Amino acid sequence: MATVNHSSKLRVAAPLVTLLLATGVGLVHSTPVLADDSAPVSLTGGTERRPAAPTKSARTDRYVVRLAEPPVAAYTGGVDKVPATRPKLGEKFDAHSDAAARYRDHLTATRSALLTTMDLRADQTYTTAFNGFSATLSPEQVTALRKDPRVAAVTESRMVRAQSTSPTGARPPSTGWTGTDAGRSMLPEAIGRHTGGGPALTRARLAAPGTGAGVVIGVIDSGIWPESASFARSMSAPPGWHGTCQTGDQFAASACNGKIVGARHFATDYLAQYGSLPANEILSARDVLGHGSHTASTAAGQPVQSTVVNGRDFGPIAGVAPDAQIAVYKALWDGGGTDADIIAAIDAAVVDGVQVINYSVGYDGGDYVPNDAIGNAFLNAHLAGVFVAAAAGNDGKSATISNTYPWVTTVGAAITNAREATMRLGDGRTIVGTSLDLLPGGTAKPLIYAGQASTDGNTNCQAGSLDATKVQGKVVACNYTDKFDAVKEVKAKGGAAAILFNDVDVKRVSNFYNFPTISLWNREQAGPLLTYLQRRPTDGTVILSNGGDGSSLGVPSVANFSSYGPDQVHTGLQKPDLAAQGTDVIAAVAPPGNDGRNFDAYSGTSMAAPHVAGMAAILKGLHSGWSPGTIASALRTTATDTAGTSSPLKQGSGMPDPTRANDPGLVVTPSATELTAFRDATSPDGKELNLPSIALREYDGTRTLTVNRRFTNVGSTQETYQPSVSGLSGMTVTTNPSTITVAPGNSVTVAITIDRGSAPFDRYTTGAITWASSTHSVRITVAARPWGFNPRTQDDTDAPNQYGWTGTFGQMMFPAGFSGQVSTRTTGYRSVSWSSASLSTAYPSTFFDRTGDNIRTHSITVPTGSAGLIVQLSGSGSTNLDLYVYQNGKLVSQSLDYWSSNERGVLYLPAAGTYTAYVHAQRGATAGATVSYQFAATVLARNGAYTGATVRVTDSAGNPSTNLVRGNYYTVTVTPTATLPNVEHWAYTEFTVSGKVVSGPLISSR
């Protein structure tokens, strides 16, 4: 998904999409009245420089109604004299067959009868990928429909957003997308080192294994800019194409030249909700923002030999599948759309005959309900043989993934070109950031902090804040709020260059500023810069140059804005499925939304998804009989790890490569029966689905768990495969049969049994099981977290602030993750031992820098077998003290109360080793003074024996309980056997059930 950075944060826009498909084939639309204001959407591609549009209230009585009978794409028979229309595996769906027409008539008659009975009017209807309609409904009508057996579901119409982080644009942010960054459509092995900083992707490199010829990719997005060089090719429509070129405002039939094989637009529900289109939008398939053009050209753009942006040549670019054709389904208006319009677009795409859909759209904060209306439409598209690639989201947090459907390939964003830029400070220290602009290099230039160069102490370089006499010819460091406004202000006041940083971690993306600019994205980079500026307020210097030493990150690595797992909706699904290039992707855009540029750099999972859509088109062109599940499995089981992580929670199965996927050996694909059962389940899990991954978010680790996976040979020879396990430390994995021999076209089912062994409870253990033959390697990723007492939807590997591990006042309530007769023990209470300490303050306030000023460090040794580390700080007076804890250079805990110097960091089951606690005088200090405080580091051993205490477990009624039931809540209480000294104490608890030890919470006496 692409998101737009309108301020210092990355924003994802919610696209509203609606489609008027009266019978599933015919399209209806109305002419809107253009308004001066627009719907509340936040843009992600080419709009972040536009001022925010006024908001307009949406109607709250708009609904999508799903009827009980399956749509045409999923119908398996049962209506008298109407044969099944759902294709068998490997067959092509025919939406225009006699059977399809007859069944569509049946659905239309049934729907009409329901509407007549209920005295309702449908605004748009769906029959092919979704059976239902959208309408304005009263509460009474909603209740009546939900009781009617002809109705499967009634859901309030929801907004979706594009998932990209847009670049510079001249238009205001109104919706979110998922866009890529520079270097569009670069395959993992085709990442070039072009001297201009671009992708250096050549047509020859893309020639193997295929180019997507004969395949149509449907792009559900903001439309297309047909005049772009990326779409300049006349082509004949491929066999089986039934689409149309819907004309409209500034979109003539000639726009569909064959490369653009069809185009439609969908705004029915958007107009019903908002009354008019957003300002500057037009009712046609024309893209005025850039997001849709960017995703389309990333997936299937023509080779362009020279990509010039702001006078800088970034070399040749090409779509991943340059010979595939593009069908445009505009359902986002100023970046946002409604699910009712999106469903109409999906319905039309399946009717038209696309083989692949790219969907760089999602919900803010990710999916939070299973089996929503869009998901149902995508399921039936999948059953019709359509592969769907979708953006994972740009929230950059765990459990915020969009498009968490097992029949959709959900794609996270990866950085494949670091685009490093280096600043060398006057003291010799270097900081490696990122830039897309040409930096001056050469000799050092004066450096000044915005706070010293402003007229009012403002540090963010906002418009009108800088004093031109102080800025002229200097590099200005801006703690920005709006990065584009900051660069514009530095440029306007005669500055030589800009350094953009923030006092919190931000998204690592680059933009074209057409001005020498370098960007930093985390506090570890900003700290040394601010320390230098504070020490050299009047005579600081810096050299800014393109390139770096590779220290900023390894490539490819998962982008820090990419939403990651686990899936908060389903405990047994791995999402994302894959990671692909999604930062600084240069591709075609719409000039009106991008300062007149024909190409621009976008970042976001919106940009990652079309890379996978293009790969799917290549594979479909080479293997016309492969199902969407086969293509997805081939891409996933042959994917490779990123440089930064091997965790499926972050990267899914890894980085795909169509060359490897072209010959996967075995595939793991779910059946239609499995998927429809998952769709119909009240609380779908997913671990038993035949997918090329195993996800166990909260399972009972006191027992072994067995799942089955079915392997099918899609190769041409019989092969024998041996399994091996990587990662999964502490766990025992067995497979039955242990060795499999599979003939071409045949399948073998393997029972995979996982024993937790010594792996910790309430923490993820990740790895993979790989079946290898003499010529093929088939990898299934595994992420398993046994539930002890702290279940949660989030990940646990990046947790500077760890919650849910501790109890207070001698007790803690917890939900049990296991069942059985339980015995409980405790270490007893260990007292907190405080010591007096002090630090010297060089300045009244400073930014945290581990090697900077106003810092005092404390070294802590944690032995093997420790249950907890509690680091505490207590200070008084006007100085605000903060606490940071690092291990091996990585932040593992922090406590930053702004209003207090009483800080505490807790590490549960910490890894053995040396930790460093940093006490930082953040503000309120006196320069040259000494600040006193109390410090304590308490280490609890799992087998420790401290001050005597008893422990008991009680149920919700307060009754003692030793027979626990999984999912029920209990309270564990640790009571000292004697009065404790008047100081805080900590105790560790643990449970034993069926001979398995389950680590329990840390309990404070206070």
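Naming follows an unreviewed UniProt entry, where the protein chain appears as S8 family serine peptidase of Plantactinospora solaniradicis. We quote the UniProt Sequence similarities (unreviewed entry) comment for the protein chain here in full: "Belongs to the peptidase S8 family."

### Overview of the overall build of the protein chain
Summing up its helical and strand segments, the protein chain has 16 helices and 54 strands in all. Of all 1006 residues assigned to the protein chain, the portion counted as buried reaches 63%. Considering only contacts in the protein chain between residues 6 or more positions apart, those separated by 24 or more positions represent 77%. For the protein chain, the accessible area works out to roughly 33200 Å², and carbon and sulfur atoms hold 49% of it.

### Topic: the packing of helix 5 (residues 291-300) against helix 12 (residues 605-622)
For the pair helix 5 and helix 12, the least separation of the axes is 7 Å and the interaxial angle reads 35 degrees. As for how helix 5 packs across helix 12, the hand of that crossing is right-handed. Here helix 5 contributes H291, H294, T295, T298 and A299 to the contact with helix 12, which in turn contributes S606, M607, P610, H611 and G614. For the contact of helix 5 with helix 12, the residue count by class is 3 nonpolar, 7 polar and no charged.

### Considering the environment of T455
The topology assignment puts T455 in the loop between helix 8 (450-453) and helix 9 (468-471). Overall, T455 belongs to the exposed group, its relative accessible area being 55%. Residues T455 and A468, spaced 13 residues apart in sequence, show a C-alpha to C-alpha distance of 9.5 Å. In this structure T455 touches G464, S465, L466 and D467, once residues within four positions along its chain are discounted.

### Structural notes on the environment of V778
Among the secondary structure elements, V778 is positioned in strand 37 (residues 777-786). Along the primary structure V778 and G665 are separated by 113 residues, whereas in three dimensions their C-alpha atoms are 7.3 Å apart. Those residues within four positions of V778 in sequence are excluded, and the remaining contacts are T637, P664, L666, F711, Y721, I769, T770 and W771.

### Considering the nonpolar core
By size, the foremost hydrophobic cluster in this structure holds 59 residues, and its most contacted members are Y329, Y359, I374 and F378. The leading source of residues in this core is helix 6 (residues 339-352), at 9 residues. Sequence-distant contacts of F378, that is, excluding residues within four places in its chain, are made with I346, I357, Y359, V388, Y405, W407 and V408. One finds F314, I415, A613 and I631 within the second-largest nonpolar core, a separate group that totals 57 residues.

### Some details on the state of the cysteines
Within this structure, the stated rule accounts for 2 disulfides. The disulfide partner of C245 is C256, and the gap between their sulfur atoms is 2.1 Å. What sets the handedness of the C245 and C256 disulfide is the S-S torsion sign, and at about 80 degrees it is right-handed. Separated by 11 residues along the polypeptide, C245 in the loop between strand 8 (216-221) and strand 9 (260-265) and C256 in the loop between strand 8 and strand 9 bring together distant segments of the chain. With a relative accessible area of 18%, C256 lands in the buried category. The disulfide that involves C461 links it to C478, with 2.1 Å between the sulfurs. Measuring handedness by torsion sign, the sulfur bridge of C461 and C478 sits at about -80 degrees and is left-handed. Residue C461 is located in the loop between helix 8 and helix 9, and its partner C478 is located in strand 21 (residues 475-479); the two are separated by 17 residues in the primary sequence.

### A word on the packing of aromatic side chains
Applying the stated criterion across every chain, the model contains 21 aromatic pairs. Ring geometry for Y270 and Y274: centres 4.9 Å apart, planes at 35 degrees, overall tilted. Taken together, the positions of Y270 and Y274, both in helix 4 (residues 268-274) and 4 residues apart, correspond to about one turn of that helix. The class for Y274 is buried, based on a relative accessible area of 8%. Taken together, a centroid distance of 6.2 Å and an interplanar angle of 0 degrees make the contact between Y405 and W407 stacked. Taken individually, Y405 and W407 each receive the classification buried, so the pair is uniform in this respect. Members of the aromatic cluster, each reached through a chain of ring pairs, are F814, F818, Y970 and F991. When the ring centre of Y363 is taken as reference, the NZ or CZ atom of R158 above it lies at 3.7 Å.

### A word on the side chain of Q246
Mapped onto the elements of the fold, Q246 is located in the loop between strand 8 and strand 9. On the basis of relative accessible area, Q246 is assigned to the buried category, the value being 9%. Only 3.0 Å separates the side chain of Q246 from the backbone nitrogen of H265, close enough to count as a polar contact.

### Brief notes about the sheet that holds strand 39 (residues 811-815)
The antiparallel open sheet is built from 3 strands, whose spatial order is 39-52-50. Looking at which strands have only one partner, the edges of the open sheet turn out to be strand 39 and strand 50 (949-954). Adjacent strand axes in the sheet meet at a mean angle of 20 degrees, parallel and antiparallel pairs treated alike. Bridge analysis of strand 39 against strand 52 (residues 969-976) gives 5 bridges, and the strand direction is antiparallel. Within strand 52, the position partnered with M813 by the bridge is T971.

### Some details on unusual backbone geometry
A cis geometry characterises the amide bond from V555 onward to P556, with omega recorded as -5 degrees. Among the secondary structure elements, P556 is positioned in the loop between strand 24 (541-546) and strand 25 (557-558). For the peptide bond that leads from K575 to P576, omega is 0 degrees, which places it in the cis range. Within the secondary structure, P576 sits in the loop between strand 25 and strand 26 (578-581). Positive phi is not limited to glycine here, since N310 has a value of about 55 degrees. Checked against the element boundaries, N310 lands in the loop between strand 10 (308-309) and strand 11 (312-313). A positive phi angle, close to 55 degrees, is found at S994, a residue other than glycine. Relative to the helices and strands, S994 resides in the loop between strand 53 (985-993) and strand 54 (996-1004).

### What about the pattern of salt bridges?
The final tally for this structure, using the stated rule, is 31 salt bridges. Ionic pairing is found between D641 and R779, a salt bridge with its closest N-O pair at 3.0 Å. One end of the pair, D641, is in the loop between helix 13 (628-637) and helix 14 (648-651); the other, R779, is in strand 37, and 138 residues separate them in sequence. Taking the relative accessible area as the measure of exposure, R779 reaches 16% and is therefore buried.

### Concerning the sheet that holds strand 36 (residues 765-772)
The mixed open sheet is built from 5 strands, whose spatial order is 30-37-36-32-34. Strands with a single pairing partner mark the edges of an open sheet, and in this sheet they are strand 30 (693-699) and strand 34 (740-742). Within this sheet the neighbouring strands show an average axis-to-axis angle of 25 degrees, counted without direction. The pairing of strand 30 with strand 37 spans 5 bridges and is parallel. Looking at strand 37, one finds that S693 is bridged to T781.

### Some thoughts on helix 16 (residues 672-680)
Every buried residue of helix 16 is listed here: E674, L675, T676, F678 and R679. Tucked inside the fold, the buried residues of helix 16 contact strand 3 (62-67), helix 7 (373-383) and strand 31 (705-713).

### Let's talk about the pairing of strand 33 (residues 732-736)
Residues of strand 33 alternate between two faces, with V733 and T735 buried on one and T732, T734 and N736 left unburied on the opposite face. For strand 33 and strand 35 (residues 747-755), the ladder comprises 5 bridges, and the chain directions are antiparallel. Across the sheet, residue T732 finds its bridge partner in strand 35, namely D755.

### Thoughts on helix 6
End to end, helix 6 covers 20 Å across 14 residues, agreeing with the expected 20 Å (1.5 Å per residue, within 8%). Buried residues dominate helix 6, accounting for 14 of its 14 residues. Just past helix 6, the residue G353 takes up positive phi, approximately 110 degrees.

### Brief notes about the environment of Y969
Along the chain, Y969 falls in strand 52. A relative accessible area of 48% places Y969 in the partly exposed class. Ignoring sequence-local partners within four residues, the contact set of Y969 consists of M813, F814, P815, D955 and S956.

Thresholds applied
- Residues numbered from 1 in each chain as written.
- Predicted model: local features only at pLDDT ≥ 70, side-chain atom pairs only at ≥ 80, totals over all residues.
- Heavy atoms only, no water.
- UniProt positions renumbered as here; feature names shortened; annotations may be inferred.
- Helix = DSSP H or I, 4+ residues; strand = E, 2+ residues; numbered from the N terminus.
- Buried < 20%, exposed > 50% of the residue type's maximum accessible area, 1.4 Å probe, protein only.
- Contact = heavy atoms within 4.5 Å.
- Areas by Shrake-Rupley, 256 points an atom, 1.4 Å probe, with all protein chains shown as cover.
- Axes fitted to C-alpha atoms, helices over the stretch in contact; angles between N-to-C directions.
- Left-handed = near helix turned anticlockwise from the far one by under 90°.
- Nonpolar A, V, L, I, M, F, W, Y, C, P; charged D, E, K, R; others polar.
- Core = buried A, V, L, I, M, F, W, Y, C linked by side-chain atoms within 4.5 Å.
- Disulfide = S-S within 2.5 Å.
- Phe/Tyr/Trp six-rings, centres within 6.5 Å; stacked < 30°, edge-to-face > 60°.
- Lys NZ or Arg CZ within 6 Å of the ring centre and 35° of its normal.
- Polar contact = N/O pair within 3.5 Å; in protein donor to acceptor, adjacent residues only side chain to side chain.
- Pairing = 2+ DSSP bridges.
- Salt bridge = Lys/Arg side-chain N within 4 Å of Asp/Glu carboxyl O.
- Expected span 1.5 Å × (residues − 1).

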